[in-house]
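# Structural overview for review
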Amino acid sequence: MERPFKSFLALDMENFIARKKAENSWSNTYYENLHYFDNYIHSHYPTSTELTQVMMEWCKPRSTEKGELLSIPHYSHMEFCILSS
């Protein structure tokens, strides 16, 4: 059973998963990182309904991480990202 997303981005995350699976470019790393981001948004911005630049700061690589950023189109003018290794 898959874990449900909790933040206001839940539907967008589910749509992203469906698209990546349809493109045969899905990775369990994406799933885990989407949940990390979702948990961050849900715990730090529980009443938010819009993605902000401040929230996206989570996406910046930390000094202990390696990998590349993956952008996910969101709304018509913003993106949020997850880190893939």
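The shown structure was predicted, so the numbers you read here are calculated from the model rather than taken from an experiment.

Time to look at the packing of helix 1 (residues 10-22) against helix 2 (residues 28-44). Packing of helix 1 against helix 2 leaves a shortest axis separation of 11 Å and a crossing angle of 170 degrees. What the angle tells us is that helix 1 and helix 2 run roughly antiparallel. Between helix 1 and helix 2, the residues in contact are Met 13, Phe 16, Ile 17 and Lys 20 and Tyr 30, Tyr 31, Leu 34, Phe 37 and Asp 38, respectively. Partitioned by chemical class, the residues of the contact of helix 1 with helix 2 number seven nonpolar, no polar and two charged.

Take the nonpolar core next. A general trend in soluble globular proteins is that nonpolar side chains are found buried together. Core analysis: the largest hydrophobic core is formed by 16 residues, its most contacted members being Phe 5, Leu 9, Met 13, Leu 34, Phe 37, Ile 41 and Leu 51. Contributions of two or more residues to this core are made by helix 1, helix 2 and helix 3 (53-56). Among the elements that line this core, the one with the most residues is helix 2, at five residues. Excluding residues that lie within four positions of it along the chain, Ile 41 makes contacts with Ser 7, Phe 8, Leu 9, Pro 46 and Met 55.

All right, on to the pattern of salt bridges then. In total, this model carries two salt bridges according to the counting rule given. Among the ionic pairs, Arg 3 bridges to Glu 32, the shortest N-O distance being 3.0 Å. Of the two residues, Arg 3 sits in the segment before helix 1 while Glu 32 sits in helix 2, which places them 29 residues apart along the sequence. Under the relative-accessibility criterion, Arg 3 is labelled partly exposed at 38%. With a shortest N-O distance of 3.5 Å, Arg 19 and Glu 23 are connected by a salt bridge. Taking relative accessible area as the criterion, Arg 19 reaches 36% and is therefore assigned partly exposed.

Criteria and cut-off values
- Residues numbered from 1 in each chain as written.
- Predicted model: local features only at pLDDT ≥ 70, side-chain atom pairs only at ≥ 80, totals over all residues.
- Heavy atoms only, no water.
- Axes fitted to C-alpha atoms, helices over the stretch in contact; angles between N-to-C directions.
- Helix = DSSP H or I, 4+ residues; strand = E, 2+ residues; numbered from the N terminus.
- Parallel < 35°, antiparallel > 145°, perpendicular 65-115°, else oblique.
- Contact = heavy atoms within 4.5 Å.
- Nonpolar A, V, L, I, M, F, W, Y, C, P; charged D, E, K, R; others polar.
- Core = buried A, V, L, I, M, F, W, Y, C linked by side-chain atoms within 4.5 Å.
- Buried < 20%, exposed > 50% of the residue type's maximum accessible area, 1.4 Å probe, protein only.
- Salt bridge = Lys/Arg side-chain N within 4 Å of Asp/Glu carboxyl O.

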